[in-house]
Amino acid sequence: MKQRDLKQLKKLLNEKMEELLSEADRTVDGMTDAKENFPDPTDRATLESNRNFTLRIRDRERKLMGKIKEALARIDDGTYGTCEECGERIGLERLMARPVTTLCIDCKSLQEARERKLRGAS
Ligand SMILES: [Zn+2]
């Protein structure tokens, strides 16, 4: 992969990481504020489900941050942009759209088809 492309992808990943980090800060602030503003039990129930929702989002954010870190590490060790399933190069366009991906479009489609099948069977 071209150095220029790698640099661009690294920038994308770092930007995404910063975005997630600032969002995580905001979420924590929101949670403390809300607790004081809703002393009523009904509101507290709403707050509780909001909180679960928030925690789910944060969990997803945390996973995404992990993926971003892994992607950055792969850029540094030179394995970035190679499909971990088949070893083929992942298309640049796909990487730009989804820089944390570790699968080429073919393997990703296969994986999704398998997952759909599994879900259908259970
Ligand atoms: Zn592949």
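Just so it is clear, the structure is predicted and the values come from calculations on it, not from any experiment.

Enquirer: Summarise the overall build of the chain; cite the residues concerned and give the values.
Expert: The number of helices and strands found in the chain is four helices and zero strands. Burial status across the chain gives 25% buried among its 122 residues. Taking contacts inside the chain between residues at least 6 apart in sequence as the whole, the part at least 24 apart equals 57%. About 9,100 Å² of surface is accessible on the chain, with carbon and sulfur atoms providing 51% of the total.

Enquirer: Give a description of the side chain of Thr54 that names residues and reports values.
Expert: Positionally, Thr54 belongs in helix H2 (residues 41-77). Thr54 sits in the buried class, given a relative accessible area of 18%. A polar atom in the side chain of Thr54 sits 2.7 Å from the backbone oxygen of Asn50.

Enquirer: Lay out the coordination of the zinc ion with the relevant residues and their values.
Expert: Protein-derived coordination of the zinc ion comes from Cys83 (SG), Cys86 (SG), Cys104 (SG) and Cys107 (SG), at a distance range of 2.2 to 2.4 Å. Geometry at the zinc ion is tetrahedral, judged from the four donor atoms that bind it and their angles of 105 to 113° at the metal. Owing to a relative accessible area of 3%, Cys83 belongs among the buried residues under this scheme. Classification of Cys104 as buried rests on a relative accessible area of 8%.

Enquirer: Would you mind going over the environment of Ala97 in detail, with residue names and values included?
Expert: Secondary-structure assignment places Ala97 in helix H3 (residues 92-97). You can call Ala97 exposed: its relative accessible area is 69%. For the pair Ala97 and Leu12, spaced 85 residues apart in sequence, the C-alpha separation works out to 9.6 Å.

Enquirer: Describe H2, listing the residues and the values that go with them.
Expert: When the terminal C-alpha atoms of H2 are compared, their 53 Å separation across 37 residues agrees well with the 54 Å that a helix rising 1.5 Å per residue should span. For H2, every residue scored as buried is listed here: Leu47, Thr54, Glu61, Met65, Ile68, Ala71, Leu72, Arg74 and Ile75. A positive backbone phi angle near 85° is found at Gly78, which sits one or two residues after H2.

Enquirer: How would you explain the layout of surface pockets if you had to name every residue and give the values?
Expert: Of the volumes computed, that of the largest pocket is approximately 210 Å³. In this structure, the largest pocket is lined by 14 residues; those nearest its centre are Lys67, Arg98, Thr101, Thr102 and Lys108. Those elements that provide at least two residues to the lining of the largest pocket are H2 and helix H4 (105-121). The dominant element in the lining of the largest pocket, judged by the number of residues it contributes, is H2, at four residues. Estimated volume of the second largest pocket: approximately 170 Å³. Surrounding the second largest pocket, Leu12, Leu13, Glu15, Lys16, Glu19, Leu64, Ile68, Ala97, Arg98, Pro99 and Val100 form its lining. Taken together, the elements giving at least two residues each to the lining of the second largest pocket come down to helix H1 (3-37) and H2. Partitioning the lining of the second largest pocket into residue classes produces seven nonpolar, no polar and four charged.

Reading the values: the criteria
Residues numbered from 1 in each chain as written. Predicted model: local features only at pLDDT ≥ 70, side-chain atom pairs only at ≥ 80, totals over all residues. Heavy atoms only, no water. Helix = DSSP H or I, 4+ residues; strand = E, 2+ residues; numbered from the N terminus. Buried < 20%, exposed > 50% of the residue type's maximum accessible area, 1.4 Å probe, protein only. Contact = heavy atoms within 4.5 Å. Areas by Shrake-Rupley, 256 points an atom, 1.4 Å probe, with all protein chains shown as cover. Polar contact = N/O pair within 3.5 Å; in protein donor to acceptor, adjacent residues only side chain to side chain. Donors = N, O, S within 2.8 Å, 3.2 Å for Na, K, Ca; no water. Tetrahedral: all angles 85-135°; square planar, octahedral: opposite > 155°, others 65-115°. Expected span 1.5 Å × (residues − 1). 1 Å grid on protein atoms, 1.4 Å probe; cavity = no way out; pocket = protein on both sides within 12 Å on 5 of 7 lines; lining within 4 Å. Points joined across faces, edges and corners; volume = space filled by probe spheres on them. Nonpolar A, V, L, I, M, F, W, Y, C, P; charged D, E, K, R; others polar.

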